[in-house]
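Next come the chains, spelled out residue by residue.
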Amino acid sequence: MYTLGIDIGGTKIAGAVCDENDTIVSQWRVPTPTEPEEINDCIVEIYEEATKLHPEIPYIGISAAGNVKADRRTMSFSANIAKWIDYPLADRIEELLQGRAKVVVENDANCAGWGEYILGAGKGSKNMVMLTVGTGLGGAIVINGELYRGSFGMAAELGHLPMVSDGDFCGCGLRGCAERYTSGSALENFARAGMRRMPQKATRLLELCGGDVNALEGKMVSQAAAEGDELALYAFGKIGEWLGRTMAAIAAVLDPDVFVIGGGVVSVGNILLDPARYNYQRFLQASAYREHAQILPATAGGDAGMIGAADLARKELSKEQA
Ligand SMILES: [Zn+2]
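Residue numbers restart at each chain and count upward from 1, following the sequence in its written direction. Only residues with pLDDT of at least 70 are given local features in this predicted model, and only at 80 or more are side-chain atom pairs given and counted; all residues enter the totals for whole chains, interfaces and linings. Values reported for side chains reflect all heavy atoms of the structure, with hydrogen atoms and water molecules removed beforehand.

In the nomenclature of an unreviewed UniProt entry, the chain is known as Glucokinase of Galliscardovia ingluviei. UniProt positions are given in the numbering used here, feature names are shortened, and annotations may be inferred rather than shown by experiment. Quoted straight from UniProt, the Sequence similarities (unreviewed entry) entry for the chain says "Belongs to the ROK (NagC/XylR) family."

A. Structural context of the overall build of the chain. On a plain count of helices and strands, the chain comes out with nine helices and twelve strands. In this treatment the radius of gyration is a C-alpha quantity, and the globule benchmark scales as 2.2 Å times the residue count to the 0.38 power. Relative to its length of 322 residues, the chain is compact, with a C-alpha radius of gyration of 20 Å against a globular reference of 20 Å. Its C-alpha atoms put the chain at 65 × 50 × 35 Å along the principal axes. Counting over 322 residues, the chain shows a buried share of 52%. Secondary structure elements are taken from DSSP: a helix is a run of H or I of four residues or more, a strand is a run of E of two residues or more, and numbering for both begins at the N terminus. Relative accessibility thresholds used throughout: buried, under 20% of the residue-type maximum; exposed, over 50%; partly exposed, between the two (1.4 Å probe, protein chains only).

B. Highlighting the sheet that holds strand β12 (residues 294-297). At least two DSSP bridges between two strands are needed for those strands to be called paired. Pairing is mixed in the open sheet, where five strands are placed in the order β10-β9-β8-β11-β12. In this open sheet, the two edge strands, each paired with only one partner strand, are β10 (146-147) and β12. Here strand β9 (residues 137-143) pairs with β10 via two bridges, running antiparallel. Residue pairing in the sheet places I143 in a bridge with E146 of β10. By the convention used here, residues are in contact when the closest approach between their heavy atoms is within 4.5 Å. Lines are fitted to the C-alpha atoms to define the axes, a helix being fitted only along its stretch in contact, and any angle between axes, read from their N-to-C directions, falls within 0 to 180 degrees. Across the sheet, helix α7 (residues 230-254) touches β8 (128-133), β9, β11 (258-262) and β12, and the angle it forms with β8 is around 155 degrees.

C. Main features of the pairing of strand β1 (residues 3-8). In terms of burial, β1 is largely enclosed, as five of its six residues are buried. Between β1 and strand β2 (residues 12-18), which pair antiparallel in sequence order, lie three residues. Pairing geometry for β1 and strand β4 (residues 59-64), over six bridges, is parallel. When the sheet's bridge partners are listed, T3 is paired in β4 with Y59.

D. Up close: helix α8 (residues 270-283). The end-to-end C-alpha distance of α8, which contains 14 residues, comes to 19 Å, matching closely the 20 Å that a straight helix rising 1.5 Å per residue would cover. Those residues of α8 that fall on the buried side of the exposure criterion are L272, L273, P275, A276, N279 and Y280. In this fold, the buried residues of α8 make contact with α7, β11 and β12. Every helix has an expected span of 1.5 Å times one less than the residues it contains.

E. View of the sheet that holds strand β7 (residues 102-107). On the basis of which strands lie adjacent, the open sheet formed by five strands has the order β3-β2-β1-β4-β7 and mixed pairing. Single-partner strands in this sheet number two, and they are β3 (24-31) and β7. Each strand axis lies, on average, 15 degrees off the axis of its neighbour in the sheet, ignoring direction. Here six bridges tie β1 to β2, and the two strands are oriented antiparallel to one another. What sits directly across from G5, in β2, is A16. The strands touched by helix α3 (residues 108-119) are β4 and β7; relative to β7, the strand with the most contacts, the crossing angle is about 95 degrees.

F. The coordination of the zinc ion, seen in detail. Protein coordination at the zinc ion: the donors are H160 (ND1), C170 (SG), C172 (SG) and C177 (SG), at 2.0 to 2.4 Å from the metal. Donor atoms (N, O, S) are those found within 2.8 Å of the metal centre, with the cutoff raised to 3.2 Å for Na, K and Ca; water is not part of the atom list, so apparent gaps in a site can occur. Site shape is set this way: if four donors have all angles between 85 and 135 degrees, tetrahedral; if opposite donors are over 155 degrees apart and all others between 65 and 115, square planar for four donors and octahedral for six; otherwise irregular. One way to put it: the four donor atoms around the zinc ion meet at angles of 105 to 116 degrees, and that makes the site tetrahedral. The sequence pattern describing where the donors of the zinc ion fall on their chain is H-x9-C-x1-C-x4-C. Here H160, found in the loop between β10 and α4 (184-197), pairs with C170, found in the loop between β10 and α4; they are ten residues apart in sequence, far enough to count as distant.

G. The environment of A202, seen in detail. If you trace the backbone, A202 turns up in the loop between α4 and α5 (203-208). By relative accessible area, which is 0% here, A202 ends up buried. Between the C-alpha atoms of A202 and G269, which are 67 residues apart in sequence, the distance is 23 Å. Those residues in contact with A202 that lie beyond four places of it in its chain are M195 and L231.

H. Inspection of α4 at higher detail. In a regular helix each residue adds 1.5 Å, so 14 residues correspond to 20 Å; α4 covers 20 Å between its end C-alpha atoms and thus fits that length. On its buried face, α4 sits against β8, α5, α6 (218-226) and α7.

I. Representation of the domain arrangement of the chain within the structure. Entries for the chain in the domain assignment read domain 1 (3-113 + 302-321) and domain 2 (123-297). Where each domain starts and ends follows an automatic or database-derived domain assignment. In this structure, domain 1 and domain 2 have C-alpha centres spaced 28 Å apart. Across the boundary between the two partners, domain 1 contributes twelve residues, which contact 13 residues of domain 2. Both sides together, the interface formed by domain 1 and domain 2 hides about 910 Å², and carbon and sulfur atoms give 52% of it. Summed over the three residues of domain 1 that lose the most area to domain 2, namely N67, N110 and G113, the buried surface amounts to 43% of that side. In what follows, salt bridge is the name for a side-chain nitrogen of Lys or Arg lying within 4 Å of a carboxyl oxygen of Asp or Glu. Summed over the shared surface of domain 1 and domain 2, the result is one salt bridge. Between R149 and E106 there is a salt bridge; the shortest N-O distance is 2.7 Å. Once two parts are joined, some of their accessible surface, as seen by a 1.4 Å probe, is lost; buried area is that loss totalled over both.

J. Up close: the side chain of D229. Looking at where D229 falls in the secondary structure, it is placed in the loop between α6 and α7. Think of it this way: Lys and Arg go in the positive column, Asp and Glu in the negative one, and His and the chain ends go nowhere. Of the side chains with opposite charge, R204 lies nearest to the buried D229, which makes no salt bridge, at 6.5 Å. The definition of a polar contact used here is a pair of N or O atoms within 3.5 Å, where within protein one atom must be able to donate a hydrogen and the other to accept one, and adjacent residues in sequence count solely through side-chain atom pairs. Only 3.0 Å separates the side chain of D229 from the backbone nitrogen of A232, close enough to count as a polar contact. The residues contacting D229, other than those within four sequence positions of it, are K201, R204, L205 and A224.

Put into structure tokens, the structure is as follows:
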């Protein structure tokens, strides 16, 4: 049996037909439109293309950036798609497909985390927490082999753990959230602040951003850090420290055996993970008297979200039908 996984990203909608072993057998990509109806049409188009190759696709799993209600069908809010407020995404797609397929919607970080759990760095773990260090900080929690969604579908918003009293303003409207201190944006902020304070150490970063501090991007900091640049390493040290502190706070609640760190920023490997591991131990309660979680880079790749969405939909819907 085949399942269609759909990943609605900021720039691309990707779709993949997965078999029961979570292997992709065909895939498609189209640019993401801005209007909800146009997004629905794109998903239906991908489904039509997919069923030309594989006539029987009874389930669709959709990975979407934003808050998904506990019914796993409705978008309550999305920072990317303004009109996704209380939006019945699964209902719309099922209507358009006239009942040919059933739809499950899941938050994108949850899908990526589930992908890591079934075929990536979290495979075989008992309790796994994934942190995706992208523009913001995404989270996913797996407890005893099940994705943890909370009572209202709002669990695992780990980027908005309140870490600093009266701290930096966050896009969510609150202050001092973890993602203000550990994310791709935070990396840029720490690097820019360092460049302004210590211009004598900023030669390489200024070269990479063409002399304009505001034009500095995370990938330039990664490049300079890989070359051993002191200021770039300082910026990674800062987001690594906050990543470690954030994981220690999470461990106080969940005590997982594995943390998986994903997102573009983790491509620098131990430049990020070493300060994260060091500070995790530093801020962990009873650190010397307990077993420590492994802190591992994600390995499932960019399709993990799509595969995770397909797998979650198949498990959920086949259970319903049984
Ligand atoms: Zn926030």
